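For reference, the chains in residue letters:
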Amino acid sequence: MSFIDMRSDTVTKPTQEMREAMYRAEVGDDVYRDDPTVNRLEELVAREMGKEAALFTASGTMANQVAVMTHTHRGDEIIIGEKCHIYTYEVGGIAYLAGVQTALVSEVDGVMEPDDVEGKIRGDNIHFPKTSLICMENTHNRAGGMVVPLDKMKGVYEVGQKHGIAVHLDGARIYNAAAYLNVEAKQIANCCDTVNVCLSKGLCAPMGSVLAGSKEFVERARKYRKMLGGGMRQVGVVAAAGIIAIEKMSKRLQEDHDNARLLAEGLNSIDGVAVDLDKVQTNLIMVDFSGAGITGDYLSSELKELGILVNGSPTPVVRFATHYYISKEDIKSVVDAVHKVIKNNK
Ligand code: TLP
């Protein structure tokens, strides 16, 4: 049975074009910097982000962790949104690997207020840790793919610059943000020193992320990547898919956003199901089933019987993700299936 898989945009498999490019890819030992395809991908992403250099990593998590390790020293403090991926979903890596502690900033729809960020910066006192990094996320995963506006990003970046503190952006879905804002990705990346760009979310590459920043930063980051076992040798076979992800797949994301809106409207019209339509901006949708009195776990197991996958959860809020392999017809099937589950539960 083939499922309509809405658990995440990470489930996207490489396209036929990617598979062919992977087959043909010229490769070399990337630890010696001999892999021409990796070099091409890194140069491409550096250019796209308006940064001097970039580094291919195995995953978005690795890119973020390497970034935090490179920007900080053990015992430092980093300022970070309370719901962001680096803090929530990276297995406590920043504590374990980088040895830093966090000053959490509350976020509204994924947005940190620059004043709140500034308020968290530690002064020069013998009792305090050093604040050495500020992290942002755009689009914001736990905010249901909402986009941080450029003026807020600029505000946070200015705070960083004023105090000599580096700013890192988890731009796992930066191209979704760019599509929503109708700007080039580099205009977003202009508001930070370093940025993690994921190739394996809606962009369909089978793995990988690219961490972009200054030449000096990337040189140091390369060593941390090696430390984590991320020196990947003939990895041009996957970088080849990454090049197509950036050059081609990043240009079609509006389609996923349109499908997300269609789904949100369809679900919102079902009795007991609520979606805040103003918050549906990109390809992630948060759907609240509390009016229907069901949990995500219940919905997930019922939908599975109907050929649809969503992540379970003990709460009534479920995230749906649209991506390359979700069509307009699939959206209709999902709305019908949810309708059926709710009706049968009454
Ligand atoms: N997000 C995944 C899960 O880890 C939750 C998902 O299904 O959305 N930053 C952001 C903003 C992300 O959403 C993710 C993945 C990552 C980093 C990590 O990327 P990977 O999975 O490549 O390590």
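Let me sum up the structure you'll find in this document. (Residues numbered from 1 in each chain as written. Predicted model: local features only at pLDDT ≥ 70, side-chain atom pairs only at ≥ 80, totals over all residues. Heavy atoms only, no water.)

## Concerning the overall build of the protein chain
Part 1 of the reasoning: Tallying secondary structure elements over the protein chain gives 14 helices and 11 strands in all.
Part 2 of the reasoning: Overall, the protein chain is about 60 × 55 × 35 Å in size when its C-alpha atoms are taken along their principal axes.
Part 3 of the reasoning: Looking at the 346 residues of the protein chain, the share that counts as buried comes to 56%.
Part 4 of the reasoning: Approximately 15,300 Å² of the protein chain is accessible, and the part contributed by carbon and sulfur atoms is 49%.
Part 5 of the reasoning: Between the mean site of the 39 positive side-chain charges and the mean site of the 47 negative ones, the protein chain shows a separation of 3 Å. (Helix = DSSP H or I, 4+ residues; strand = E, 2+ residues; numbered from the N terminus. Buried < 20%, exposed > 50% of the residue type's maximum accessible area, 1.4 Å probe, protein only. Areas by Shrake-Rupley, 256 points an atom, 1.4 Å probe, with all protein chains shown as cover. Lys, Arg positive; Asp, Glu negative; His and termini not counted. Charge placed at Lys NZ, Arg CZ, Asp CG, Glu CD.)

## So, the packing of aromatic side chains
Part 1 of the reasoning: Under the criterion given, the structure shown has 2 aromatic pairs.
Part 2 of the reasoning: Judged by centre distance (4.9 Å) and plane angle (80 degrees), the ring pair of Y324 and Y325 falls under edge-to-face.
Part 3 of the reasoning: The ring of F128 has R122 lying over it, and the distance from NZ or CZ to the ring centre is 5.1 Å. (Phe/Tyr/Trp six-rings, centres within 6.5 Å; stacked < 30°, edge-to-face > 60°. Lys NZ or Arg CZ within 6 Å of the ring centre and 35° of its normal.)

## Brief notes about the pairing of strand β11 (residues 317-321)
Part 1 of the reasoning: Taken across its 5 residues, β11 has 4 buried, putting it largely inside the fold.
Part 2 of the reasoning: In the sheet, strand β9 (residues 284-288) pairs with β11 via 5 bridges, with the strands oriented antiparallel. Bridge pairing in β11 places D288 opposite V317. (Pairing = 2+ DSSP bridges.)

## Digging into the side chain of N176
Part 1 of the reasoning: Inspection of the secondary structure assignment puts N176 in helix α8 (residues 174-181).
Part 2 of the reasoning: According to the relative accessible area criterion, N176 is buried, its value standing at 4%.
Part 3 of the reasoning: Sequence-distant contacts of N176, that is, excluding residues within four places in its chain, are made with T139, L253, H257, T282 and N283. (Contact = heavy atoms within 4.5 Å.)

## Topic: the site of the ligand
Part 1 of the reasoning: As a structural note, the neighbourhood of the ligand is formed by 15 residues, with S8, T61, N141, D170 and R173 the closest of them.
Part 2 of the reasoning: At a separation of 2.8 Å, an oxygen atom of the ligand approaches a polar side-chain atom of N141.
Part 3 of the reasoning: Side-chain polar atom of R173 to an oxygen atom of the ligand: 2.8 Å apart, as the coordinates give it.
Part 4 of the reasoning: Contact with the protein chains removes 81% of the 510 Å² of surface that the ligand exposes when unbound.
Part 5 of the reasoning: The leading source of residues in the shell around the ligand is helix α3 (residues 60-71), at 3 residues.
Part 6 of the reasoning: In terms of residue class, the shell around the ligand is built from 2 nonpolar, 7 polar and 6 charged. (Near = heavy atom within 4 Å. Polar contact = N/O pair within 3.5 Å; in protein donor to acceptor, adjacent residues only side chain to side chain. Nonpolar A, V, L, I, M, F, W, Y, C, P; charged D, E, K, R; others polar.)

## Comments concerning the sheet that holds strand β8 (residues 209-213)
Part 1 of the reasoning: Across the sheet, 7 strands lie side by side as β2-β8-β7-β6-β5-β3-β4; this open sheet has mixed pairing. Each edge of the sheet is formed by a strand with only one pairing partner; in this case those strands are β2 (53-57) and β4 (101-105). This sheet shows a mean twist of 20 degrees between the axes of neighbouring strands, independent of strand direction.
Part 2 of the reasoning: Two elements, strand β6 (residues 166-171) and strand β7 (residues 194-198), share 4 bridges in a ladder whose sense is parallel. Bridged to G171 within β7 is V197. (Axes fitted to C-alpha atoms, helices over the stretch in contact; angles between N-to-C directions.)

Keep in mind that these numbers describe shape and distance, not what the molecule does.
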